[in-house]
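# Fold and contact review
Listed here are the chains, written in short residue letters.
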Amino acid sequence: MSINSFSPLTSLLIYFGAITLGLALLVWSADKFVQGSASIARSLGMSTLMIGLTIVALGTSAPEMLVSSTAALAGSQGIAIGNAIGSNIANIGLVLGVTALIAALPVTSMMKRQEIPTMVIITLLAGILLIDQYLSVVDGMILVSGILVLMFLLIKKSKHHSDDNALAHEVEELEILSLGQGIFWFVLALTILLISSKTLVWGATGIARTFGVSEVIIGLTIVAIGTSLPELAASVASALKGHHDLAIGNVVGSNILNLLAVLSLPGLLAPTAIEPAVLYRDYLVMLGLTLLMALFAISRIF
């Protein structure tokens, strides 16, 4: 039975249900994916530091990456691009904004000198690549190469500051499973990640068609905010527990990976033209919030 055989209201409820179910399964399976991957890596002898810099760092962006990949392969590149840009807007405006209302957020000198300037530079780089209003394979390769450069610099820096590495501490807080359990949860979580991302993209595409709006708008709003809710919950929980320093670091790291790992996928998988509004409206909003965050951090307004 086709979805078109239902009434418009019933179809709309089905689409929203698919989005809600997809988001819920994405959040749950992403945690299990990281735990399973980390357990396998630990069983194979990988160090805590390397697990933190690779599996945990990229694994926490798995929902956004899979949603963008699924959307791009399904011909809904607008959702993929909107997801990357919208997630950065939501991370700063929603996640960081709400967390800052709960408690003052300290900014370390290291973050002022390295992490925040890196986020600004990568945001400007993304703008340069998008200025021709086309996301190409070359653009995707440039962004992906940024991940490799970033990982190299992080590993190099962490060898001298391993005690202060937040990602390594996150690994230590994970429940490490046996190799067999790790493989089980890795396979199960990856399967659910793939299914839930397809479910979410299907629902989001259906909503866009029902209301006759651009898929970019759906990616910027429903999908982006939905995939940012775990970061919001984690940042608020950290602030309430007194771990105020984690909020800005999580937002900066997530925004960097959204541009390098998530925005690159539509270019690599399905190169596409970009609506002018994406560059002159959405990107400029993201850039403005990024620069405002950097200004607040330097001025210690947080």
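Residues numbered from 1 in each chain as written. Predicted model: local features only at pLDDT ≥ 70, side-chain atom pairs only at ≥ 80, totals over all residues. Heavy atoms only, no water.

With that settled, the discussion passes to the overall build of the protein chain. From N to C terminus, the protein chain includes 12 helices and two strands. Across the 302 residues in the protein chain, those meeting the buried criterion constitute 49%. Looking at the protein chain alone, contacts between residues at least 24 apart form 86% of all its contacts between residues at least 6 apart. Carbon and sulfur atoms provide 70% of the accessible area of the protein chain, an area that totals close to 13900 Å². (Helix = DSSP H or I, 4+ residues; strand = E, 2+ residues; numbered from the N terminus. Buried < 20%, exposed > 50% of the residue type's maximum accessible area, 1.4 Å probe, protein only. Contact = heavy atoms within 4.5 Å. Areas by Shrake-Rupley, 256 points an atom, 1.4 Å probe, with all protein chains shown as cover.)

Where nonpolar side chains cluster on the molecular surface, the patch consists of Leu-73, Val-137, Met-141, Leu-268 and Leu-269 and spans about 450 Å² of accessible area. Counting through the fold element by element, Leu-269 comes out in helix 11 (residues 264-269). (Patch = residues over 30% accessible without salt bridge, like charges linked within 9 Å, V, L, I, M, F, W, Y side chains within 5 Å. Salt bridge = Lys/Arg side-chain N within 4 Å of Asp/Glu carboxyl O.)

Note on placement: Thr-227 falls in helix 9 (residues 215-240). Not counting the four nearest positions on each side in its chain, Thr-227 is found in contact with Leu-23, Glu-64, Asn-83 and Ser-87.

With that settled, the discussion passes to the packing of helix 3 (residues 62-73) against helix 4 (residues 77-102). As a packed pair, helix 3 and helix 4 sit with axes 6 Å apart at the nearest point and diverge in direction by 155°. Comparing their axes, helix 4 and helix 3 come out roughly antiparallel. Remark: the crossing between helix 3 and helix 4 carries left-handed chirality. Together, Glu-64, Val-67, Ser-68, Ala-71 and Ala-72 of helix 3 and Gln-77, Ile-79, Ala-80, Asn-83 and Ser-87 of helix 4 make up the contact between the two elements. When the residues that make up the contact of helix 3 with helix 4 are grouped by side-chain class, the tally is five nonpolar, four polar and one charged. (Axes fitted to C-alpha atoms, helices over the stretch in contact; angles between N-to-C directions. Parallel < 35°, antiparallel > 145°, perpendicular 65-115°, else oblique. Left-handed = near helix turned anticlockwise from the far one by under 90°. Nonpolar A, V, L, I, M, F, W, Y, C, P; charged D, E, K, R; others polar.)

With that settled, consider the packing of aromatic side chains. Enumeration according to the criterion identifies four aromatic pairs in this entry. Within the aromatic cluster, the residues linked to one another by ring pairs are Trp-28, Phe-184 and Trp-185. Above the ring of Trp-185, the side-chain terminus of Lys-32 is found at 4.8 Å from the ring centroid. (Phe/Tyr/Trp six-rings, centres within 6.5 Å; stacked < 30°, edge-to-face > 60°. Lys NZ or Arg CZ within 6 Å of the ring centre and 35° of its normal.)

A word on the environment of Lys-157. Secondary-structure assignment places Lys-157 in helix 6 (residues 137-158). Judged by relative accessible area, which is 22%, Lys-157 ranks as partly exposed.

On to the packing of helix 4 against helix 9, then. How two helices pack is summed up by the angle between their axes together with the distance between the axes. Between helix 4 and helix 9, the shortest axis-to-axis distance is 6 Å and the interhelical angle comes to 30°. Taken as axis vectors, helix 4 and helix 9 run roughly parallel relative to one another. For the element pair helix 4 and helix 9, the recorded crossing hand is right-handed.

Here the focus is the nonpolar core. Judged by nonpolar contacts, the single largest core of 44 residues is most densely connected at Ile-248, Leu-263 and Met-293. At the level of secondary structure, the elements contributing two or more residues to this core comprise helix 4, helix 5 (109-130), helix 6, helix 9, helix 10 (245-262) and helix 12 (276-299). Among the elements that make up this core, the one with the highest residue count is helix 10 (nine residues). Ranked by size, the runner-up nonpolar core spans 23 residues in total, among them Ile-79, Ala-80, Ala-189 and Val-223. (Core = buried A, V, L, I, M, F, W, Y, C linked by side-chain atoms within 4.5 Å.)

Overall, the prediction assigns the protein chain a mean pLDDT of 84, with 88% of residues at 70 or greater. Mean pLDDT values for the elements of the protein chain range from 60 in helix 7 (residues 166-173) up to 95 in strand 1 (residues 134-135). (pLDDT = per-residue confidence, 0-100.)

A few words on the pattern of salt bridges. A side chain with one charge can pair with a side chain of the opposite charge if their charged atoms come near. Here the structure, examined in full by the defined rule, presents one salt bridge. Among the salt bridges present, the one from Arg-281 reaches Asp-282, with a minimum N-O distance of 2.5 Å. The class of Arg-281 is partly exposed, set by a relative accessible area of 38%.

Attention shifts here to helix 12. With 24 residues, helix 12 extends 33 Å between its outermost C-alpha atoms, agreeing within 8% with the 34 Å of an ideal straight helix rising 1.5 Å per residue. Within the sequence span of helix 12, burial applies to Val-278, Leu-279, Asp-282, Tyr-283, Met-286, Leu-287, Thr-290, Met-293, Ala-294 and Ala-297. (Expected span 1.5 Å × (residues − 1).)

Attention now goes to unusual backbone geometry. One non-glycine residue, Gln-133, adopts positive backbone phi at about 60°. Take Gln-133: its relative accessible area is 24%, and that puts it in the partly exposed class.

Here Leu-194 shows up in helix 8 (residues 179-211). Distance from Leu-194 to Thr-70, taken between C-alpha atoms, is 8.1 Å for residues 124 residues apart in sequence.

The next point concerns the environment of Gly-203. As for its placement among the helices and strands, Gly-203 is situated in helix 8. Residues Gly-203 and Ser-11, spaced 192 residues apart in sequence, show a C-alpha to C-alpha distance of 9.8 Å.

Under the 1.5 Å per step criterion, the end-to-end length of helix 1 (residues 8-43) is 51 Å for 36 residues, consistent within 8% with the ideal 52 Å. Just beyond helix 1, the residue with positive phi is Gly-45, at close to 95°.

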